[in-house]
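Listed here are the chains, written in short residue letters.
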Amino acid sequence: MPDPRGDGYVDEIPYTHGYHAAMNPRRMQWAVLQAGYRPPEVRNACELGFGRGVSLAIHGSVGTAAWQGTDFNAEHAQSARSLCEACEPQPRIYAESFAEYFARPDLPDFDFIALHAVWSWISPENRARLVNFIRQRLRPGGALYLSYNCLPGWQPMLEVRERLIERAGVAQRDGLPLGAAIRQAIVELDRLEPQYDVILHSLKKRSVGYLAHEFFNRDWHPMEPAAVATELAVAGVTRVCSVEKQPSITFRSEYWLRDASALDSTTQQADLSRVETLDGSGVSAERLVLQPGWGSPALHAQQVNAQRINGQLLALAERCVEPSVLACPATGGGLELGWVTLLLCSARRQGLEGPEAWADHAQQRLAALGQRPIDRGVVIDSGAMVRRFLREAAHRFAAQTLPRLQALGVLD
Ligand SMILES: C[S@@+](CC[C@H](N)C(=O)[O-])C[C@H]1O[C@@H](n2cnc3c(N)ncnc32)[C@H](O)[C@@H]1O
């Protein structure tokens, strides 16, 4: 694999357009409070290894904190910048390696440092740099969001990954580009080593962007949660809670605090009573968290920024199946709506009138991108059923979701 920087990190295939709500400072504050600790107020925040930058662009333009971040993949940084182009304020987006960025003389002390799906994909040297950065730059009382692949869940994959890397390497030397080499390696291994079929079948369903970044970097180090805590102890942070109610054996997303301060139950209850919950919009919308104590009602600038970012996300949804959120100024974060709903929003934004026309547009885009809709986990195959599904979705969108999105300042 080409490796111009010598760090063994895949560059030739960009990552996916994921959004990670756990990096919304309001989510973090709510979870930390639920766990019985005092969450920090967040003025300065930083995201490391932001990928396509959907989270960074949204949080840095429609939230209340000043965000910055780095990712050494120039194409990733460009994607992130184009999402929040013309937003004011907007996050500071660097295309620097961690080593370069950590050495900047102009970094503030951060109240919140966030990294999603980075820790397990970097070298031990880079992990040590990261720990040192947290030690130096996370202010006392500040929070860290960290997600990582863990053991024992990924134990079987360690062996499969070695085999896949070997095979993809051979295919690349025979002239195949990385994406095709990965696909071929999975098919070959599945044929030759049936004992891995469960893992390999699940890999076949994933995009090449995901597979390349997840498994084909030089570094891939799933760790026991206890080992992560030992490395991070040097930075003075302790784990306070998981984002998930039931942490899995393969992946964890966690909040950590520097100098954690436990709240007595009266203060905790008083603070929790200020937490309002607001149901998003329609069936697929997630539960949102609004915290009047910490957040402020969306400012005009944040509303304007949300319209701008959402314009970019809707344009992206026209040519790529990955985006599924829109920026929501009321929560300072992204609102999960699903790709098909984004297509309906996009049709409306292009001036098409009414649910029937929006459904037609969505159907054309699905066909153009070779996609079939999925209804409660079942792929819809027949043309007539696709049509019915999209019409129903468009009518539901018009009646329920759209008014809600307008009230929240997500769409105009
Ligand atoms: C698996 S991807 C996760 C991307 C993003 N956080 C997400 O979850 O959508 C890891 C990201 O870290 C970046 N990265 C890895 N090592 C880095 C380093 N040493 N300096 C800067 N960025 C790095 C990669 O370019 C990539 O975008």
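Computed from a prediction, not measured in an experiment: that's the story for all the values here.

Concerning the site of the ligand
Here's step 1: Close contacts around the ligand come from 22 residues, with G49, G51, F72, N73 and A117 the closest.
Here's step 2: Class assignment of the residues belonging to the shell around the ligand gives a composition of nine nonpolar, 11 polar and two charged.

Here's the deal with the domain arrangement of the protein chain
Here's step 1: Domain boundaries in the protein chain define domain 1 (21-151 + 222-273), domain 2 (155-215) and domain 3 (300-407).
Here's step 2: Here the C-alpha centroids of domain 1 and domain 3 sit 29 Å apart.
Here's step 3: Each side of the interface is counted separately: domain 1 has 18 residues, and domain 3 has 15 residues.
Here's step 4: Examining the composition of the side of domain 1 that touches domain 3, we find that six residues originate from one element, helix α2 (residues 54-62), more than from any other.
Here's step 5: Here the residues of the side of domain 1 that touches domain 3 sort into nine nonpolar, six polar and three charged.

Observations concerning the packing of α2 against helix α12 (residues 300-319)
Here's step 1: α12 packs onto α2 with a crossing angle of 155° between their chain directions and a minimal axis gap of 8 Å. Judged by the inter-axis angle, α2 sits roughly antiparallel to α12. Where α2 approaches α12, its residues A57, I58, S61 and V62 are matched on the opposing element by Q302, N305, A306 and I309.
Here's step 2: Looking at the contact of α2 with α12, its residues break down into five nonpolar, three polar and no charged.

Considering helix α1 (residues 25-34)
Here's step 1: By the criterion of burial, α1 is predominantly enclosed, with nine of the 10 residues buried.
Here's step 2: Considered for burial, the residues of α1 that qualify are P25, R26, R27, M28, Q29, W30, A31, V32 and L33.
Here's step 3: Phi turns positive one or two residues past the end of α1, at G36, with a value near 95°.

Describing the environment of V386
Here's step 1: Inspection of the secondary structure puts V386 in helix α15 (residues 383-407).
Here's step 2: Those residues within four positions of V386 in sequence are excluded, and the remaining contacts are Q363, R372, P373 and I380.

Focus on the sheet that holds strand β4 (residues 110-115)
Here's step 1: A sheet is described by the order of its strands in space; here seven strands give the open sequence β3-β2-β1-β4-β5-β7-β6, paired in mixed fashion. Looking at which strands have only one partner, the edges of the open sheet turn out to be β3 (92-94) and β6 (237-242). Along the sheet, successive strands turn relative to each other by an average axial angle of 20°, direction set aside.
Here's step 2: The pairing of β6 with strand β7 (residues 251-258) spans five bridges and is antiparallel. Residue pairing in the sheet places C241 in a bridge with Y255 of β7.
Here's step 3: Along the sheet, α1 contacts β1 (44-48), β4, β5 (138-149), β6 and β7; its crossing angle with β7, the most-contacted strand, is approximately 80°.

Quick word on the nonpolar core
Here's step 1: In terms of nonpolar packing, the biggest core is built from 106 residues, with I309 and L344 touching the most fellow members.
Here's step 2: In contact with L344, not counting residues within four places along its chain, are W358, A362, A393, A394 and F397.

Procedures and definitions
Residues numbered from 1 in each chain as written. Predicted model: local features only at pLDDT ≥ 70, side-chain atom pairs only at ≥ 80, totals over all residues. Near = placed C-beta within 6 Å. Nonpolar A, V, L, I, M, F, W, Y, C, P; charged D, E, K, R; others polar. Domains from an automatic or database assignment. Contact = placed C-beta atoms within 7 Å. Helix = DSSP H or I, 4+ residues; strand = E, 2+ residues; numbered from the N terminus. Axes fitted to C-alpha atoms, helices over the stretch in contact; angles between N-to-C directions. Parallel < 35°, antiparallel > 145°, perpendicular 65-115°, else oblique. Buried ≥ 20, exposed ≤ 12 C-beta atoms within 10 Å, placed from the backbone. Pairing = 2+ DSSP bridges. Core = buried A, V, L, I, M, F, W, Y, C linked by C-beta atoms within 7 Å.

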